[in-house]
Amino acid sequence: MTDFFHDVSTPVAYEGPDSDNPFAFRWYDKDRIVMGKSMEEQLRMSVCYWHSFAWPGSDIFGAGTFDRPWFDPTMDPMDAAHLKMDAAFEFFEKLGTPFFSFHDRDIAPEGATFAESCSNLDTMIDYAESKMADTGVQLLWGTAQAFFQPRYAAGAATNPNPDVFAYAAAQVKHCLDATKRLGGQNYVLWGGREGYEMLLNTNMAHELDQLGRFLNLVVEYKNEIGFDGTILIEPKPQEPTKHQYDYDSATVYGFLQHYGLENDIKVNIEVNHATLAGHDFNHEIKQAVTNGIFGSVDANRGDDRLGWDTDQFPNSVEQMSLGVYEILLGGGFTTGGFMFDTKLRRQSLHPTDLFHGHIGAMDTMARSLLVAAALIEDGELAALVDERYSRWGADKGQRILAGEVSLADLHADVLANNINPTPVSGQQEMIENIVNRTIERVR
Ligand code: XUL
Ligand code: CO
């Protein structure tokens, strides 16, 4: 093990809510059983490689602020990649997350040719394999970075040039092989530039068909090689494109149905992508669970004042509890988990800031799990919902849903029986109070 994070000498431990040790968990007690599984198994938390180790602390107005030895431009890129991986695994192990996630280009530099890029990745996958064996850290998901390089400026799968489509397909094939080799539990596709910047130069119908074809190729290949993880699309409404085709969960579901993929691909929902799409996080979860395509979560948050994707660490127990509640109602994670697609803010340049960000986020998720589990175990909210729809259980409601009555039948019924429904309270404030009481109560 390296000692890049030498300020944190022991693995981060659980000390309970009364601890004020900044390097201890106050809520994440990994072996504590919550709704039949340990916290570790329920939350399946993952560190992301890109923001934590490959991003230098730059923003759209300013250069990198992070002083990490692997960013030294005079270093051989493969030596830098090894050094970065040493530090990354030191961090995963000290923090105690069971998983990590990566893009191909986060862990291995792009070479002068595609063949060299593949060989760089293969070398780093070998190294990751040995690191995983040594530490027990597992891979939640892998993904190909098909949006950074200038060749992808006009999209990857949706590029007007079929050679770019082919290049992206080749990159995804190689990365899917690598993900399988490392026992990855999922493979993610975030369509960073699969959208348009200008409608006037865009053949939308053609681009959608290209994307549908691309995803079918991925599913066919996944089956061919026997990858038993889940293929996930990560919806996002825009940024960097003006409009991204996989705008939100509902749009993705319609797209998957149109291209015959709704049983093969699920969604990786990112909290701040939901916000950017004008939705609440729990809405996106509910939408995906309802359509049977819920897969995994990129846990983060935005900033109320900034319009771009700031990817901050989650710190709202209320926001996360409402999301975890929907996840638990949907049966919990299977192959997915909470992946911290989170970056430090530019001024948080000390390596230990990475611990503070993740410790706070993991405690937020753990406490949210306790709140969500308490809401479910109390059953008060579920009982209110059941009661609210209970009249549909009677004969009239059942006949309507079964398609046994026509519009004219309903017209006749309302006239004949002088039906005049009176509204009932939705009890929204009372329900909000139940949530707040539960947040106050759980320990
Ligand atoms: C970008 C984003 C990506 C994906 C992986 O907004 O969320 O980091 O999670 O490509
Ligand atoms: Co993400």
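What you see is a predicted model, and the numbers here were worked out from it, not measured in a lab.

Caption draft 1: Here's a closer look at the nonpolar core. The biggest cluster of nonpolar side chains holds 119 residues, and the ones touching the most others in it are Tyr49, Phe53, Phe92, Val297 and Phe338. The greatest single-element share of this core, amounting to 14 residues, is contributed by helix H12 (residues 351-378). Per-domain counts for this core show at least three residues from each of domain 1 (13-378) and domain 2 (394-441). Contact partners of phenylalanine 92, with chain neighbours within four places excluded, come to Val47, Tyr49, Phe53, Thr97, Phe100 and Val137.

Caption draft 2: Layout of the domain arrangement of the protein chain. Taken domain by domain, the protein chain holds domain 1 (13-378) and domain 2 (394-441). Computed over C-alpha atoms only, the centres of domain 1 and domain 2 are separated by 40 Å. Taken residue by residue, the interface counts 8 residues in domain 1 and 5 residues in domain 2. Here domain 1 meets domain 2 over a buried area of about 550 Å², counting both sides, of which 70% is carbon and sulfur. Of all residues in domain 1, Glu318, Val371 and Leu375 give up the largest surface area on contact with domain 2, accounting jointly for 55% of the area buried on that side. Linking domain 1 with domain 2 are 1 salt bridge. Between aspartate 378 and arginine 441 there is a salt bridge, and its shortest N-O distance comes to 2.6 Å. Our count for the contact surface shared by domain 1 and domain 2 stands at 2 residue pairs in polar contact (both at pLDDT 80 or more). At the level of secondary structure, the elements contributing two or more residues to the side of domain 1 that touches domain 2 comprise helix H11 (317-329) and H12. In terms of residue count, H12 provides more of the side of domain 1 that touches domain 2 than any other element does, 5 residues in total. Class assignment of the residues belonging to the side of domain 1 that touches domain 2 gives a composition of 5 nonpolar, no polar and 3 charged.

Caption draft 3: Representation of the site of ligand 1 within the structure. In the vicinity of ligand 1, the contacting residues are Trp50, His103, Trp141, Trp190, Glu234, Lys236, Glu270, His273, Asp298, Asp309 and Asp341. At 2.6 Å from an oxygen atom of ligand 1 is found a side-chain nitrogen or oxygen belonging to glutamate 234. In the complex, 94% of the free accessible area of ligand 1, which totals 290 Å², lies under the protein chains. Per-class residue counts for the shell around ligand 1 are 3 nonpolar, 2 polar and 6 charged.

Scoring rules and cut-offs
- Residues numbered from 1 in each chain as written.
- Chains lettered and ligands numbered in written order.
- Predicted model: local features only at pLDDT ≥ 70, side-chain atom pairs only at ≥ 80, totals over all residues.
- Heavy atoms only, no water.
- Core = buried A, V, L, I, M, F, W, Y, C linked by side-chain atoms within 4.5 Å.
- Buried < 20%, exposed > 50% of the residue type's maximum accessible area, 1.4 Å probe, protein only.
- Helix = DSSP H or I, 4+ residues; strand = E, 2+ residues; numbered from the N terminus.
- Domains from an automatic or database assignment.
- Contact = heavy atoms within 4.5 Å.
- Buried area = accessible area lost by both parts, 1.4 Å probe.
- Salt bridge = Lys/Arg side-chain N within 4 Å of Asp/Glu carboxyl O.
- Polar contact = N/O pair within 3.5 Å; in protein donor to acceptor, adjacent residues only side chain to side chain.
- Nonpolar A, V, L, I, M, F, W, Y, C, P; charged D, E, K, R; others polar.
- Near = heavy atom within 4 Å.
- Areas by Shrake-Rupley, 256 points an atom, 1.4 Å probe, with all protein chains shown as cover.

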